[in-house]
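# Notes for the structure review
Spelled out, the chains give:
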Amino acid sequence: MTIDPATTAIVLIEYQNDFVSEGGAFHGAVQAVMDKTDMIANTRRVVAAAREAGVTIVHAPITFAPGYNEITSHPYGILKGVVDGNAFIKGGWGAQIVDELAPQPGDIIVEGKRGLDTFASTNLDFILRSKGITTIALGGFLTNCCVESTMRTGYEHGYQVITLQDCVAATSQEEHDNALKYDFPMFSTPMSAADFESQL
C-alpha cells in the first residue's frame, strides 16, 4: 500500500509514565512485552521518520481528575484496575507522556480520553477529518484494549487503519499475540514500524 504523509496520522495511545517508566502503576505488568517488542525504540524511530515526512503526530493520553469523578463510582474491568492503582491522575508524574516521545511543535494532543476507545470521549474524529486525514497508524497500550478499541472504531468510521505491531504491548504475551494474530488483521493492515517507514 502507498502511504501519503499528507493524509496520514500516527496516533500514539497512552505512552505515559504509568505504563512506560519504572515505578509506573502498570509498568511491571507490561514490561515483559514492551521489552520483547522493543516498542519504545521502534516508536521513537517511526515517529521521527513520520514527522520528518510530514505525517501528523497525535498523542492520546488518558487522564483523570483526583477521585475519578469522570467515571462510574463502581468501575469494573480495566478501569477498576486504573482506580485501584491510582493511575493516570492529571497533573501527576504517572499521567505525563514519557520524555522519549514528548510532544513536539506541530504535534496534536487529544484531550478528554477517559476510557478505552480514543474516539469515544475525545474530538479525535473531528481533528482528523478537519485535517483531511484518511489513514491512521496506531501504537501504544494496551494491544488488546485501547489500541484494539481505537482500531475497531477507526475501521467503522471509514479510516484506513494501520496497526504498528512492534509499537504495542499488553499485560501478557498471550493477550498480545492473540490480538495480533486474530483481531488486528480483521480491522486493520498490520505492519512493522520498519515497513511503515519504508512506505512513507
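Every chain is numbered independently, its residues counted from 1 as its sequence is written. Owing to the predicted nature of the model, reporting of local features is limited to residues with pLDDT of at least 70; listing and counting of side-chain atom pairs is limited to 80 or more, with chain, interface and lining totals taken over all residues. The basis for every side-chain value is the complete set of heavy atoms in the structure, and neither hydrogens nor water enter the calculation.

## With respect to the overall build of the chain
What counts here: Only DSSP runs of H or I reaching four residues or more are called helices, and only runs of E reaching two or more are called strands; each is numbered from the N terminus. Each radius of gyration reported is based on C-alpha atoms, and the globular scaling rule is 2.2 Å times the count of residues to the power 0.38. Exposure categories follow from relative accessible area, calculated using a 1.4 Å probe and restricted to protein chains: below 20% of the type maximum is buried, above 50% is exposed, and the middle band is partly exposed. The contact rule is simple, with two residues in contact once any of their heavy atoms fall within 4.5 Å. Working definition of accessibility: Shrake-Rupley area with a 1.4 Å probe, residue cover restricted to the visible protein chains. Two residue types count as positive, namely Lys and Arg, and two as negative, namely Asp and Glu; His and chain ends fall outside the count. In this description, the location of a charge corresponds to atom NZ of lysine, CZ of arginine, CG of aspartate or CD of glutamate.
What the chain contains, in helices and strands, is eight helices and six strands. The order of α-helices and β-strands along the chain, N terminus first, is β-α-α-α-β-α-β-α-β-α-β-α-β-α. The C-alpha radius of gyration of the chain comes to 16 Å, within 12% of the 16 Å expected for a compact globule of 200 residues. Dimensions of the chain, computed from the C-alpha atoms along their principal axes, are close to 45 × 35 × 30 Å. Buried positions account for 52% of the 200 residues belonging to the chain. Considering only contacts within the chain whose residues lie at least 6 apart along the sequence, 78% involve residues at least 24 apart. Taken as a whole, the chain presents about 8,900 Å² of accessible surface, with 50% of it coming from carbon and sulfur. Distance between charge centres in the chain, computed from 12 positive and 24 negative side chains, equals 3 Å.

## Observations concerning helix α7 (residues 173–187)
Our working rule: The span you would expect from a helix comes to 1.5 Å times its residue count less one.
Between its terminal C-alpha atoms α7 stretches 21 Å, which fits the 21 Å expected from 15 residues at 1.5 Å a residue. The set of residues buried in α7 consists of His176, Ala179, Leu180, Asp183, Phe184 and Phe187. Check the buried side of α7 and you find it contacts α2 (27–37), α6 (146–156), β5 (160–169) and β6 (189–191).

## As for the environment of Asp4
Considering the arrangement of structural elements, one finds Asp4 in the segment before β1 (8–13). It is 37 Å that separates the C-alpha atoms of Asp4 and Ala87, two residues lying 83 residues apart in sequence.

## Some words on the pairing of β1
Heads up, the rule is: Pairing between two strands requires that DSSP report at least two bridges joining them.
With six of six residues buried, β1 lies mostly within the body of the structure. Residues Thr8, Ile10 and Leu12 of β1 are buried on one face, and the alternating residues Ala9, Val11 and Ile13, pointing to the opposite face, are buried as well. Two elements, β1 and strand β4 (residues 135–141), share six bridges in a ladder whose sense is parallel. Bridging from a neighbouring strand, Leu12 pairs with Gly139 of β4. Sheet topology places β1 next to strand β2 (residues 56–60); five bridges connect them, and they run parallel. For Ile10, the partnering residue across the bridge sits in β2 and is Ile57.

## Looking at the sheet that holds β6
Backbone hydrogen bonds hold the strands of a sheet together, and the pairing may be parallel or antiparallel. Applied cut-off: Working convention: axes come from line fits to C-alpha atoms, limited for helices to the stretch in contact. Angles between N-to-C directions cover 0 to 180 degrees.
One open sheet accounts for six strands, arranged β3-β2-β1-β4-β5-β6; its pairing is parallel. Across the chains shown, the open sheet's two edge strands, defined by having one partner strand only, are β3 (108–109) and β6. Strands in contact with α6 are β1, β4 and β5; relative to β4, the strand with the most contacts, it is inclined by about 165 degrees.

## Some points on the nonpolar core
One recurring pattern in soluble globular proteins: nonpolar side chains tend to sit buried together. For clarity, the threshold we go by: Residues grouped as a nonpolar core are buried Ala, Val, Leu, Ile, Met, Phe, Trp, Tyr and Cys residues, joined through side-chain atoms within 4.5 Å.
Counting 63 residues, the largest nonpolar core has Ile10, Tyr15, Ile136, Phe141 and Phe196 as the members making the most contacts within it. Looking at this core element by element, the count peaks at six residues for β5. When sequence neighbours within four positions are dropped, the list of residues in contact with Tyr15 reads Val20, Met39, Ile40, Thr43, Gln96, Ile97, Val98, Leu101, Gly139, Gly140, Phe141 and Cys167.

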